[in-house]
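Below are the chains, spelled out letter by letter.
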Amino acid sequence: MSDTLHAEPPGGAVCWSTREMAARHGVSKDYVAQVWRERGLRPWLADVFKLSADPDFEAEPKDAVGLYVDPPERAVVFSFDEKTQVQAIDRTQRSLPMVPGRNRTVTRDHRRNGTTDLFAALNVATGEVLHQTRRRHTGADVLAFFKHIDSRTPAGLDVHVILDNVSAHKSEPVRKWLSNPRRQRWHLHFTPTSSSWANLVECWFSVLTRKALKNRAFSSVAELQDAIDTWAQHWNHDPQPLKWTKQAQPVIDKVKRARTALHHATKPATDH
């Protein structure tokens with residue numbers, strides 16, 4: 001096990017194979033595989049991670065989670081984001097339908113027929129989604145969508161929007177519009193940088209992609225936009241709220257442990 005964790009594989013390889021480790025110790029590859037399996041070692045895999053460097057990391061997730069699990073009275077809470085550069089992908093050959101004993105087929109090769117940017121705001125309480133497809137995602141586009149949210153929210157209710165920290169969300173047109181006294185009911189709650197997991201609408205984007213976009217062929221951006229509109233209307237016909245189940249503190253504690261582990265792993269040997 002020590003060699004698996006610490007020894008350098010031959011030939012500058014990234015990780016050991018069972019055959020290489022077996023040759024090193026004069027045992028069978030099956031024995032090496034058994035040892036790795038018993039000790040939970042999988043040298044060929046690497047988990048992807050991203051630690052937020054946001055100085056307000058602890059406060060912002062608690063704010064967002066608090067709105068998910070205990071929303072204020074006489075208010076609507078929206079989880080908002082953009083799914084940018086959604087591609088209208090066409091296939092180079094005709095696909096075949098599914099038949100007994102054979103999956104439906106799509107060609108590996110494809111043509112790109114342009115992109116669209118999808119704006120979506122998930123009503124946390126009802127599951128209904130407001131959406132628009134736009135050519136870009138500038139501050140002016142964000143403002144136009146905020147106005148769409150405002151027009152669809154009944155008067156007398158506050159508007160709480162959970163969103164990430166990209167510059168377009170804090171652009172001058174957006175700030176100017178929000179500073180108007182008539183927008184006193186608006187409240188923006190920013191998630192930490194590199195923390196898309198804290199935004200519920202990302203789950204809706206995932207469902208949309210799986211249900212309506214993946215393995216499809218679109219000959220134009222207009223056809224792609226029609227598919228998005230059709231599926232969003234279908235979703236809103238019987239919307240299902242996406243329930244937040246995890247408290248913020250365990251996530252914060254996990255990130256702290258990861259930062260500590262990363263610090264020790266990268267700490268120079270001469271650093272005492």
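In the block above lies the structure referred to throughout.
1. Digging into the packing of helix H2 (residues 18-25) against helix H3 (residues 29-38)
- Between H2 and H3, whose axes approach to 8 Å, the crossing angle comes to 110°. Considering their axes alone, H2 and H3 lie roughly perpendicular with respect to each other. Of H3, the residues touching H2 (which contributes Thr18, Arg19, Met21 and Ala22) are Lys29, Val32, Ala33 and Trp36.
- Its residues placed into classes, the contact of H2 with H3 shows five nonpolar, one polar and two charged.

2. Regarding the sheet that holds strand S3 (residues 129-134)
- What the five strands build is an open sheet, ordered S3-S2-S1-S4-S5; its pairing is mixed. Either end of the sheet is taken by a strand with one partner, and the two such strands are S3 and strand S5 (186-190). On average, each strand axis in the sheet is tilted by 25° relative to the strand beside it, whichever way the strands run.
- Of the strand pairs in this sheet, strand S1 (residues 75-91) and strand S2 (residues 110-123) are connected by eleven bridges, and their pairing is antiparallel.

3. A word on the pairing of S3
- Bridging between S2 and S3 involves six bridges; their strand directions are antiparallel. Following the sheet pairing, alanine 120 is matched in S3 by histidine 131.
- Here S2 hands over to S3 after five residues, with glycine 127 in that stretch at a positive phi of 85°.

Criteria and cut-off values
- Residues numbered from 1 in each chain as written.
- Predicted model: local features only at pLDDT ≥ 70, side-chain atom pairs only at ≥ 80, totals over all residues.
- Heavy atoms only, no water.
- Axes fitted to C-alpha atoms, helices over the stretch in contact; angles between N-to-C directions.
- Helix = DSSP H or I, 4+ residues; strand = E, 2+ residues; numbered from the N terminus.
- Parallel < 35°, antiparallel > 145°, perpendicular 65-115°, else oblique.
- Contact = heavy atoms within 4.5 Å.
- Nonpolar A, V, L, I, M, F, W, Y, C, P; charged D, E, K, R; others polar.
- Pairing = 2+ DSSP bridges.

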